[in-house]
There are 2 protein chains.
Amino acid sequence: MSKGQPSVLLHLFLPRVIDTRRSTLEDPRFGGVEAGGTKVVCATGDASGSVRERTRIKTTTPEETLRAVVDFFEDRPLEAVGVGSFGPVDDNPDSPTYGFITNTPKNGWQHTDVRGPIQEALGVPVAFDLDVNAAALGEHHGGAGRDVDAFVYLTVGTGVGGSFMQSGRPLRGLLHPEIGHLRLPRASGDDFAGHCPFHGDCLEGLAAGPAIEARWGRSPADLPDDHPAWEVEAHYLGIAVANLACTLAPERVILGGGVMHRRQLFPMIRRVVRERLGGYLDHPRFTEHLDEFVTPAALGDENGVRGALAMARQAAQYDC
Amino acid sequence: MSKGQPSVLLHLFLPRVIDTRRSTLEDPRFGGVEAGGTKVVCATGDASGSVRERTRIKTTTPEETLRAVVDFFEDRPLEAVGVGSFGPVDDNPDSPTYGFITNTPKNGWQHTDVRGPIQEALGVPVAFDLDVNAAALGEHHGGAGRDVDAFVYLTVGTGVGGSFMQSGRPLRGLLHPEIGHLRLPRASGDDFAGHCPFHGDCLEGLAAGPAIEARWGRSPADLPDDHPAWEVEAHYLGIAVANLACTLAPERVILGGGVMHRRQLFPMIRRVVRERLGGYLDHPRFTEHLDEFVTPAALGDENGVRGALAMARQAAQYDC
């Protein structure tokens, strides 16, 4: 590399970085939308990934909700927007219904174009993906996945959903498989029928928040740390993590979502993973260093909107 | 592109294709080795992937066995060799023990360099991988995986092993995860303790050939098609396939190995997959066209050596 005239070189390269049509270096440049079934979080962020402004919108009808999203962004200078949405969604950019929510049970939102109205109103590129992929991308950029290449992000809340990220991209098969509906062996003595409308006793039907509440008759938030509910929960999540290790051998499984706020679950889950793998996967990450293998989401409930902002930076071909 | 003098252009380019140090157009150019715990299959193949010659060597000591492998190839003109080996193996080309079998229970073969002696004796590039990855690659080249981009190959024989192939490459995590040791819900009434030395009742411990024999007291080959053993077998394999669909959403799951010679299993497995997915994965491949989703290995027991030959073509940077 030439050592001559660094200031001239700097001058030559700077315009690519700071000169944009609609923003200046000081302005937020990117918009992120985390569209959930009960609320929508909108944020603006800068090139470094920091959040500048944020707002929370109640999810009502698609028209009213998307209008409020556009209103929040409308006067702000943006280069691109990223949207992480509740699903199921059409996430295929080549599809005529790319950016639609598809056959959701949520009333009024079936077959709704989420991406189109935002793109038309704002006139900038809008990237679109499933919420759990956005959250995983958030953890990849500055969260618990920042130091690994391949990891699984699993959220355990009102449902269970997951994403396998490799080199900053979610695995996409014929459709996003979501991981949440695995069939697992029962915990000893657990004869709860399960709470999944599709499968009854799949992982989501046995371990999501509503399943815990239905099994024990109390909200998970009201169950003390030493309640037997958490041993049952650790059984299902631990075996799910062990099965993911046997299928993908990821460097990490990051657990997020409301249920995972109960931090006492982590050592319990690691114990189940160690027992179930039984030393078969002969790598220290699966035998000695399970504290590095099974970790909490580092961005907590922020990872969705942070991932949506990362999608926006990618859409603007900025830094990702 | 210039339209002038095509015959001169042809002359210029032809030597790259047909002129090699050790072979002519008519000769076989590639060697494939499928190294199993009881036998080793060696074959030569041409650029099209066809097998020319083959031999079968009994697996005895490493020295004797590898000497016989080298003897088979020694006077044949080769550009490269591919080896698919029983495991566990070190498949990391950057590792000092790349090409070694590692901590196998097979006597005398622990920490054995398989690749090194072949490469030294023959003086050509030798590619090395786990047997199930070679078999999956064989199915990718001209087998049941030839028309899809992402598929799982699962072999059910003396053990259960698998490989997730995407764009012609096996998924490699921290190590090759092998898939065979998934934990699954029990079939109704099945209280067999399981046959896996690591896990007891994982997929391999419940569904591999030795598990079938231990559970029913008869070799699987002696069990008639209407024996209840096959319903139990279809339960475990069907749920494993459903879980793989929920994790990877592959275009196909290809089932091979000795147990899968029992073709009556296929419709039974598809029925379990359909029941267990319950319509959740909303793609015709997982709902209507399960006959295209769950299929037998097209190359049968040939896929290992055919995949090893494909590895050799890749190592010679030939056609893959």
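Residues numbered from 1 in each chain as written. Chains lettered and ligands numbered in written order. Predicted model: local features only at pLDDT ≥ 70, side-chain atom pairs only at ≥ 80, totals over all residues. Heavy atoms only, no water.

(A) Broad picture of unusual backbone geometry. Omega for the peptide link from Gly87(A) to Pro88(A) comes to 0°, which places this bond in the cis form. Mapped onto the secondary structure, Pro88(A) falls in the loop between strand E4 (80-85) and strand E5 (100-101). In the Ramachandran plot, Glu178(A) falls in the positive-phi region, its phi being about 75° despite a non-glycine side chain. Along the polypeptide, Glu178(A) turns up in the loop between strand E10 (169-170) and helix H5 (203-207). Even without being glycine, Ala249(B) reaches a positive phi, approximately 45°. Along the chain, the position of Ala249(B) falls in the loop between helix H7 (229-248) and strand E11 (252-256). According to the relative accessible area criterion, Ala249(B) is buried, its value standing at 1%. (Helix = DSSP H or I, 4+ residues; strand = E, 2+ residues; numbered from the N terminus. Buried < 20%, exposed > 50% of the residue type's maximum accessible area, 1.4 Å probe, protein only.)

(B) Expanded view of the sheet that holds strand E4 (residues 80-85) of chain B. Residue and element names in this part refer to chain B. Strand order in the open sheet formed by five strands is E3-E2-E1-E4-E7, with mixed pairing between adjacent strands. Lying at the two open borders of the sheet, with one neighbouring strand each, are strand E3 (51-58) and strand E7 (126-130). Between one strand axis and the next, the sheet turns through 15° on average, direction left out of account. Each of E4 and E7 touches helix H3 (residues 115-122); the most contacted strand, E7, lies at about 160° to it. Packed on one face of the sheet, helix H4 (residues 131-140) meets E4 and E7 and runs near 105° to E7. (Pairing = 2+ DSSP bridges. Axes fitted to C-alpha atoms, helices over the stretch in contact; angles between N-to-C directions. Contact = heavy atoms within 4.5 Å.)

(C) Summary view of the domain arrangement of chain A. Residues and elements named next belong to chain A. Examined at the domain level, chain A breaks down into domain 1 (8-134 + 302-315) and domain 2 (144-298). Centre-to-centre, using C-alpha coordinates, domain 1 lies 28 Å away from domain 2. Each partner contributes residues to the interface: domain 1 has seven residues there, and domain 2 has 11 residues. Taken over both partners, the interface formed by domain 1 and domain 2 buries close to 680 Å², and the fraction arising from carbon and sulfur atoms is 46%. Of all residues in domain 1, the largest losses of buried area upon contact with domain 2 belong to Val132, Asn133 and Asn303, amounting jointly to 62% of the total for that side. With a closest N to O distance of 2.5 Å, Arg172 and Asp129 form a salt bridge. Put simply, domain 1 and domain 2 have four residue pairs in polar contact (both at pLDDT 80 or more) between them. If you list the elements that add at least two residues to the side of domain 1 that touches domain 2, you get strand E7 (126-130), helix H4 (131-140) and helix H11 (303-315). Tallied by class, residues from the side of domain 1 that touches domain 2 come to two nonpolar, three polar and two charged. (Domains from an automatic or database assignment. Buried area = accessible area lost by both parts, 1.4 Å probe. Salt bridge = Lys/Arg side-chain N within 4 Å of Asp/Glu carboxyl O. Polar contact = N/O pair within 3.5 Å; in protein donor to acceptor, adjacent residues only side chain to side chain. Nonpolar A, V, L, I, M, F, W, Y, C, P; charged D, E, K, R; others polar.)

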